[in-house]
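Secondary and tertiary structure notes
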Amino acid sequence: MEELIIIAAVVVAVGGGTSAAVLLRQRGRTRPAAPEARPRPAEPGAGASGTGTGLAGPETGGAAAGTEVAGQDLAVEAVAPPAIEHPPPSAGRLVRLRSRLARSQSALGSALFGLLSRDRLDDQTWEEIEDTLITADMGVTPARELVSDLRTEVKVTGTDDPQETRSLLKKLLLAQVGPDMDRSLHTGRHDDRPALVLVVGVNGTGKTTSVGKLARVLVGDGQTVLLGAADTFRAAAADQLQTWGQRVGAETVRSDRDGADPASVAFEAVRTGIERGVDTVIVDTAGRLHTKAGLMDELGKIKRVISRYGDVDEVLLVLDATTGQNGLRQARVFAEVVDVTGIILTKLDGTAKGGIVIAVQRELGVPVKLVGLGEGPDDLAPFEPEAFIDAIIGG
């Protein structure tokens, strides 16, 4: 007989709606299970489900010290919970965070304005303007089109005022970004079920962090959220997601073991979200790109499984803005796997070049809907084309 130590985490609700974590430590000896024994599905709110997944987050109920399970004593230790945070609403976030974007993109605006301020805009100057835009990750074709259009506008208007030329540039850049694209997040609850959001992307792009921040955006706008930790292959991904959820009072459905079937976790998350009556279920997925076929199979299966409850409302692709053209290649792979409806562009406040917004939208034909502008929990903002262009060009 071998010694067995079991640690189980249960989150319970205590007075005033504040959650508390209860650690259950079980010490005893293992006993062989009957051959026909099967795990019994837990009731909603219990620590495990019939698919081998568990809920973590604010729950109702409790546990008493000295509880006995299968004849074995359990020692109970209460741990102070994190305080539930109340994120700010999403409206106006990009404007509030504009200074971060402006600092990181000032080089682009300064370079372009310096070129446009020359006494004479000759062929060499226009080539330099085109090179500057290409260097900003806009892509060769969009950069050439923009320079051609700007050159024509300057010639037609006959202006030699740098400020007027800058205004023309901003107008053309805004047209390239696509101000008329639908950037709304379809996360509103349906009559009989939550909105279903699937988040995909390569590991290392900030995918799981973006899921947590997206939950904060929605909670800040008054919605209720449940998270599904279907990235079961990356160590600690479920723990990371659960921590994000606990901060804003959102439950997380996760597997009780690494390497579990991601589709089962996603299915259980949607089922639990329906039972809980939440507004939105957000499912995080694995981002391994070892083999394209394996990725297609896995993500395709997840989408098919959760689609049994209804159409997936959003498939959001997370891209690291600093990866440039490499990020576009990643985007193409994911676009072949699932029907991407929007882009979350992370790390746009770092060394990223502003032109990546234009390049990725043109490549995929879908809008950038959210941008990450820092490391803070509330630095994910809905993308606003006008505010973005104003920030990187100035004036």
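Look above for the structure.
To keep things clear, this report deals only with the structure shown in the data block. (Residues numbered from 1 in each chain as written. Predicted model: local features only at pLDDT ≥ 70, side-chain atom pairs only at ≥ 80, totals over all residues. Heavy atoms only, no water.)

1. Points about helix α4 (residues 140-157)
Three or four residues apart is the spacing at which side chains of an α-helix point the same way, because the helix has 3.6 residues per turn. We apply this condition: A run of DSSP states H or I qualifies as a helix once it reaches four residues; a run of E qualifies as a strand once it reaches two. Both are numbered from the N-terminal end. Take the residue count of a helix, subtract one, and multiply by 1.5 Å to get its expected span. Partly exposed residues are those whose accessible area sits between 20% and 50% of the maximum for their type, while under 20% is buried and over 50% is exposed, using a 1.4 Å probe and protein chains only. What the arc covers is the set of directions going from the helix axis to the C-beta atoms.
Taking 1.5 Å of rise per residue, the 18 residues of α4 would be expected to cover 26 Å, and the 26 Å separating its terminal C-alpha atoms lies within 8% of that figure. Here α4 has its buried residues at Pro142, Ala143, Leu146, Val147, Leu150 and Val154. All buried residues of α4 fall inside an arc of 130° around its axis, so they share one side. Facing away from the buried side of α4 by more than 90 degrees, the exposed set consists of Arg144, Lys155 and Val156. Positive phi shows up at Gly158, right after α4, with a value of about 70°.

2. Points about the environment of Trp244
Selection rule: Note on contacts: a residue pair qualifies if any of its non-hydrogen atoms lie within 4.5 Å across the two residues.
With respect to the secondary-structure elements, Trp244 resides in helix α7 (residues 237-247). Relative accessible area serves as the criterion here: at 9%, Trp244 is assigned to the buried category. When neighbours within four sequence positions are excluded, Trp244 is seen to be in contact with Thr209, Gly212, Lys213, Arg216 and Pro377.

3. Here we look at unusual backbone geometry
With a phi close to 70°, Asp137 is a non-glycine residue in the positive phi region. Secondary-structure assignment places Asp137 in the loop between α3 (123-135) and α4. Unusually for a residue other than glycine, Lys347 sits at a positive phi of about 60°. Assignment of secondary structure puts Lys347 in the loop between β11 (342-346) and α11 (356-364). Relative accessible area serves as the criterion here: at 34%, Lys347 is assigned to the partly exposed category.

4. A word on the layout of surface pockets
Filter applied, for reference: Space inside and on the surface of the protein is sampled on a 1 Å grid over the protein atoms alone, with a cavity defined as a set of points where a 1.4 Å probe fits but cannot get out and a pocket as an open set with protein on both sides within 12 Å along at least 5 of 7 lines; lining residues have an atom within 4 Å of a point. Grid points are joined across faces, edges and corners, and a volume is the space filled by probe spheres set on the points. Under the scheme applied here, ten amino acids are nonpolar (Ala, Val, Leu, Ile, Met, Phe, Trp, Tyr, Cys and Pro), four are charged (Asp, Glu, Lys and Arg), and all others, including Gly, are polar.
In this structure, the second largest pocket occupies an estimated 210 Å³ of space. The biggest single contributor to the lining of the second largest pocket is helix α6 (residues 207-220), with three residues. Here the lining of the second largest pocket is composed, by residue class, of two nonpolar, seven polar and four charged.

5. Remarks on the pattern of salt bridges
Keep this limit in mind: The term salt bridge refers to a pairing of a side-chain nitrogen on Lys or Arg with a carboxyl oxygen on Asp or Glu at a separation within 4 Å.
What the rule picks out here adds up to 23 salt bridges. Arg362 is paired through a salt bridge with Glu145; the nearest N and O atoms lie 2.9 Å apart. With a gap of 217 residues between them, Arg362 in helix α11 and Glu145 in helix α4 connect regions that are remote in the sequence. Measuring nitrogen to oxygen at the nearest pair gives 2.9 Å for the salt bridge that ties Asp378 to Arg216. Of this pair, Asp378 sits in the loop between β12 (368-372) and β13 (380-382) while Arg216 sits in helix α6, placing them 162 residues apart in sequence. For Arg216, a relative accessible area of 2% translates into the label buried. Members of the salt-bridge network, linked through shared partners, are Glu85, Arg93, Arg216 and Asp378.

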